[in-house]
Amino acid sequence: MKLPIVRYGDPILRTKGKRIVTVDARVRELAANMIETMHLANGIGLAAQQVGEALQLTVIDVSGAEDQESTMKLNGAEVDAKTSMPLQLLNPELTLGRETDLAIGGCLSFPGITADIRRAISVVVRAQTLEGAAVEIEASGLLARALQHEVDHLNGILFIDRMSAATKVALRSRLKRMQKENAPH
Ligand SMILES: [Zn+2]
């Protein structure tokens, strides 16, 4: 089932997600609905906060991005990033590589807004799957960027927090308007 996507201005986007201790039918259904919602919105990732749930749950699918490469290791073994999608990750913990680069980013909660964001080129994520298994994912390229973006969401951090000061100034009035439109009445 497609879920409505929460937009900037809704305070849930600033709420840190609660750890998921038990994977029950509700969590599994939420994850399935998030994948459907992400695909229908042509997104490469979605966090639970973006569908109104402050939980440590995110889904990612970079397989549709033809022009941006990703590499992925799953529990130490090299795998094809594209055929390993979609990912459904619970309680992810991120370790950033030291090198960074600048690339354009957007967010389904900020329709129409993109900006250059500086992020680590590679990351390691430790998380649990819906089946309860512990996984370690080493990623670079677009997948690394998507993981950083989504783990930020789970901690109430948004991509506008990662923009340069100059970019934020340039977008200020649009962001203010969006925040006002989507604030609780
Ligand atoms: Zn986002």
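As shown above, the structure is provided for reference.
Summary of the structure given here. Residue positions within a chain follow its written sequence, with the count starting from 1. Local features in this predicted model are restricted to residues of pLDDT 70 or higher, and side-chain atom pairs are both shown and tallied only at a pLDDT of 80 or more, whereas totals for entire chains, interfaces and linings draw on every residue. The side-chain values count all of the structure's non-hydrogen atoms but skip hydrogen atoms and water molecules.

## Examining the coordination of the zinc ion
What counts here: Coordinating donors are taken as N, O and S atoms within 2.8 Å of the metal, stretched to 3.2 Å for Na, K and Ca; because water is absent from the atoms, sites can appear incomplete. The way it works is that DSSP assigns letters per residue, a run of H or I at least four long becomes a helix, a run of E at least two long becomes a strand, and they are numbered from the N terminus. Only protein chains enter the area calculation, which uses a 1.4 Å probe; residues under 20% of their type maximum are buried, those over 50% are exposed, and those in between are partly exposed.
At this site the zinc ion is bound by C107 (SG), H149 (NE2) and H153 (NE2), with donor distances of 2.0 to 2.2 Å. All donor residues of the zinc ion come from one chain, and their arrangement in sequence is C-x41-H-x3-H. Of this pair, C107 sits in the loop between β6 (100–106) and β7 (114–120) while H149 is found in helix α2 (residues 142–154), placing the two residues 42 residues apart along the sequence. When its relative accessible area of 11% is taken as the criterion, C107 is described as buried.

## Re unusual backbone geometry
In this structure, P86 follows M85 across a cis peptide bond, with omega equal to -5°. Checked against the element boundaries, P86 lands in the loop between β4 (77–79) and β5 (87–96). Phi is positive for N91, which is not a glycine, with a value near 50°.

## Details of the environment of L171
Threshold: Here a residue-residue contact requires only that any non-hydrogen atoms of the pair lie within 4.5 Å.
As for its position among the elements, L171 is in helix α3 (residues 165–182). For the pair formed by L171 and L3, sequence separation is 168 residues and the distance between their alpha carbons is 27 Å. Leave out the neighbours within four places in its chain, and L171 touches I113 and M163.

## Regarding the pattern of salt bridges
This is how the line gets drawn: Salt-bridge detection follows one rule: a side-chain nitrogen of Lys or Arg within 4 Å of a carboxyl oxygen of Asp or Glu.
Under the definition given, this model contains seven salt bridges. Of the charged contacts, one joins D161 and R14 as a salt bridge, the two residues approaching to 2.6 Å between their closest N and O atoms. Within this pair, whereas D161 is found in the loop between α2 and α3, its partner R14 is found in the segment before α1 (25–40), the two being separated by 147 residues in sequence. The class for D161 is partly exposed, based on a relative accessible area of 34%. For R119, the salt bridge identified is with D152, shortest N-O distance 3.3 Å. Of this pair, R119 sits in strand β7 while D152 sits in helix α2, and the two are 33 residues apart along the sequence. Both residues of the pair, R119 and D152, count as buried.

## Quick notes on α2
Spelled out, the test is: What a helix is expected to span follows from its residue count: subtract one and scale by 1.5 Å.
Over its 13 residues, α2 runs 19 Å from end to end, which matches the ideal 18 Å to within 8%, given 1.5 Å per residue. Most of α2 is tucked away: 13 of the 13 residues are buried.

## Details of the packing of aromatic side chains
Quick reminder of the rule: Here the aromatic set is Phe, Tyr and Trp, taking the six-membered ring for Trp, and pairing holds for ring centres within 6.5 Å; pairs whose planes are under 30 degrees apart are stacked, those over 60 apart are edge-to-face, and all others are tilted.
Per the stated rule, a full pass over the model turns up two aromatic pairs. Between Y8 and F110, the ring centres sit 4.7 Å apart and the planes meet at 25°, which makes this aromatic pair stacked. Taken together, the residues span a long stretch of sequence, with Y8 in the segment before α1 and F110 in the loop between β6 and β7 at a distance of 102 residues. One aromatic cluster is present, formed by Y8, F110 and F159 through successive ring pairs.

## Digging into the sheet that holds strand β3 (residues 70–74)
Operational definition: If DSSP finds at least two bridges between two strands, the strands pair. To obtain each axis, a line is fitted to C-alpha atoms, and for helices this fit is confined to the stretch in contact; angles are then taken between N-to-C directions over 0 to 180 degrees.
Strand order in the open sheet formed by seven strands is β1-β2-β5-β8-β9-β3-β4, and the pairing between neighbours is antiparallel. Each edge of the sheet is formed by a strand with only one pairing partner; in this case those strands are β1 (45–47) and β4. Sheet twist, expressed as the mean angle between neighbouring strand axes with direction ignored, is 35°. As judged from the three bridges shared by β3 and β4, these two strands associate in the antiparallel manner. Note on β4: the bridge partner recorded for K73 is E78. Across the sheet, α1 lies against β1, β2 (57–60) and β5, angled at about 35° from β2, the strand it touches most. Sheet strands touched by α2: β1, β2, β3, β5, β8 (122–128) and β9 (134–141). Its angle to β9, the strand with the most contacts, is close to 125°.

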